[in-house]
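Tertiary structure, described
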Amino acid sequence: MKAETRETVRTILIRKMSDILGIAYDTVDRMSKGSNSFPDPLDRALSESNRVLELRERDRERKLLRKIRDALARLENGSYGICEVCEEEISEQRLIARPETTLCIECKEEQEDIEKKFG
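Calculation notes
- Positions within a chain are numbered from 1, following the residues in the order the chain's sequence is written.
- In view of the model being predicted, local features appear only for residues whose pLDDT reaches at least 70, and side-chain atom pairs are presented and counted only at 80 or more, with totals across whole chains, interfaces and linings using the full set of residues.
- Only hydrogens and water are set aside when side-chain values are computed; all heavy atoms of the structure are taken into account.
- Counting from the N terminus, the helices are DSSP H or I runs at least four residues long and the strands are E runs at least two residues long.
- The quantity called the radius of gyration is restricted to C-alpha atoms. Its globule counterpart is 2.2 Å times the number of residues to the power 0.38.
- Type-normalised accessible area, obtained with a 1.4 Å probe on protein chains alone, sets the label of each residue: buried when under 20%, exposed when over 50%, and partly exposed for intermediate values.
- We call two residues contacting when some pair of their heavy atoms lies within 4.5 Å.
- For the area figures, the Shrake-Rupley method with a 1.4 Å probe applies, and any residue is considered shielded solely by the protein chains shown.
- For this analysis, a salt bridge means a side-chain nitrogen from Lys or Arg found within 4 Å of a carboxyl oxygen belonging to Asp or Glu.
- As a per-residue measure, pLDDT tells how confident the predictor is, with possible values from 0 to 100.
- Each polar contact in these results corresponds to two N or O atoms within 3.5 Å; when the atoms are within protein, one needs to be able to donate a hydrogen and the other to accept it, and residues that are neighboring in sequence are counted only if both atoms are side-chain atoms.
- To define axes, lines are fitted to C-alpha atoms, for helices over the stretch in contact only, and angles between the resulting N-to-C directions are given on a 0 to 180 degree scale.
- Under this scheme an angle from 65 to 115 degrees is roughly perpendicular, one under 35 degrees roughly parallel, and one over 145 degrees roughly antiparallel; angles in between are oblique.
- Crossing handedness follows the turn of the near helix against the far one: under a right angle anticlockwise gives a left-handed crossing, and clockwise gives a right-handed one.
- Under the grouping applied here, Gly and all other residues not named as nonpolar or charged are polar, the nonpolar ones being Ala, Val, Leu, Ile, Met, Phe, Trp, Tyr, Cys and Pro and the charged ones Asp, Glu, Lys and Arg.
- Given the number of residues in a helix, its expected span is that number minus one, multiplied by 1.5 Å.
- The set of buried Ala, Val, Leu, Ile, Met, Phe, Trp, Tyr and Cys residues whose side-chain atoms join them within 4.5 Å is what this entry labels a nonpolar core.
- Disulfides are defined as pairs of cysteine sulfur atoms found within 2.5 Å of each other.

A count of helical and extended segments in the protein chain gives 4 helices and 0 strands. Taken over C-alpha atoms, the radius of gyration comes to 19 Å for the protein chain, far larger than the 14 Å a tight globule of 119 residues would show. Seen through its C-alpha atoms, the protein chain measures out along the principal axes to roughly 60 × 35 × 20 Å. Expressed as a percentage of its 119 residues, the buried residues of the protein chain come to 25%. Considering only intrachain contacts with a sequence separation of at least 6, the fraction spanning at least 24 residues in the protein chain is 59%. Carbon and sulfur atoms make up 52% of the accessible area of the protein chain, which amounts to about 8,600 Å² in all.

This is the structure we're talking about:
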């Protein structure tokens, strides 16, 4: 992989990580300041439902954050851009589109096919 591409990917990963952390801090701040006192049971139920959905989204982002940190570590140790299944190079286009990926497009498609078959 070219050094220019490596730096582009590093910049994308750091930006994604910063965005996720910013959203997480905003969520914690908003939820800690929010009022949990609702006179109407429907308002309370809607608030709880929205809270659950938001926490589920933050959990997905937490998992993505782990993948981003792992990708940054692979950039540092020189193993970035190698598919963990077939050990071939992952295309630069895929790495720029999905910089936290660990699979080449062929292996990812195969994985998705298996998931569709066996749920």
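Here the narrative resumes, following the displayed structure.
Turning to the pattern of salt bridges, a few remarks are in order. The final tally for this structure, using the stated rule, is 11 salt bridges. One salt bridge connects Arg62 with Asp59, and the closest N-O pair in it is separated by 2.5 Å. Taken as a pair, Arg62 and Asp59 lie in helix 2 (residues 41-77) at a separation of 3 residues, close to a single helical turn. Through salt bridges with shared partners, a single network forms among Arg30, Glu54, Arg58 and Glu61.

Looking at the protein chain as a whole, the pLDDT averages 92, with 97% of positions reaching at least 70. Within the protein chain, no element has a lower average pLDDT than helix 1 (residues 3-33), which sits at 92, and none a higher one than helix 4 (residues 105-118), at 95.

The next thing to look at is the environment of Arg58. Along the chain, the position of Arg58 falls in helix 2. Once residues lying within four places of it in the same chain are set aside, the contact partners of Arg58 are Ile23, Ala24 and Thr27. Reaching out from Arg58, the side chain makes a polar contact with the side chain of Thr27 at a distance of 3.2 Å.

Attention shifts here to the packing of helix 1 against helix 2. Contact pair helix 1 / helix 2: the axes reach a minimum separation of 9 Å and the direction vectors enclose 150°. Taken together, the axes of helix 1 and helix 2 are roughly antiparallel relative to one another. Between helix 1 and helix 2 the crossing geometry is left-handed. Grouping the amino acids of the contact of helix 1 with helix 2 by side-chain chemistry returns 16 nonpolar, 1 polar and 10 charged.

Let's shift gears to helix 1. Its 31 residues place the ends of helix 1 45 Å apart at the C-alpha level, agreeing with the 45 Å of an ideal helix rising 1.5 Å per residue. If you check which residues of helix 1 are buried, you get Thr5, Val9, Arg10, Ile12, Leu13, Met17, Ile20, Thr27 and Met31.

Now for the nonpolar core. The biggest cluster of nonpolar side chains holds 16 residues, and the ones touching the most others in it are Val9, Leu13, Ile68, Leu72, Leu75, Tyr80 and Cys83. Looking at this core, the elements that each hand over two or more residues are helix 1 and helix 2. For this core, the element with the most residues is helix 2, which contributes 5 residues. Contacts of Tyr80, omitting those with residues within four sequence positions, involve Met1, Val9, Ala71, Arg74, Leu75, Leu95 and Pro99.

Moving on: the state of the cysteines. The bond known as a disulfide is covalent and runs between the sulfur atoms of two cysteines. For the structure on display, the rule yields 0 disulfides. Cys83 takes part in no disulfide bond, and the closest cysteine sulfur to it belongs to Cys107, at a distance of 3.6 Å. Since its relative accessible area comes to 1%, Cys83 is described here as buried. For the unlinked cysteine Cys86, the closest cysteine sulfur is that of Cys83, found at 3.7 Å. A relative accessible area of 33% places Cys86 in the partly exposed class.

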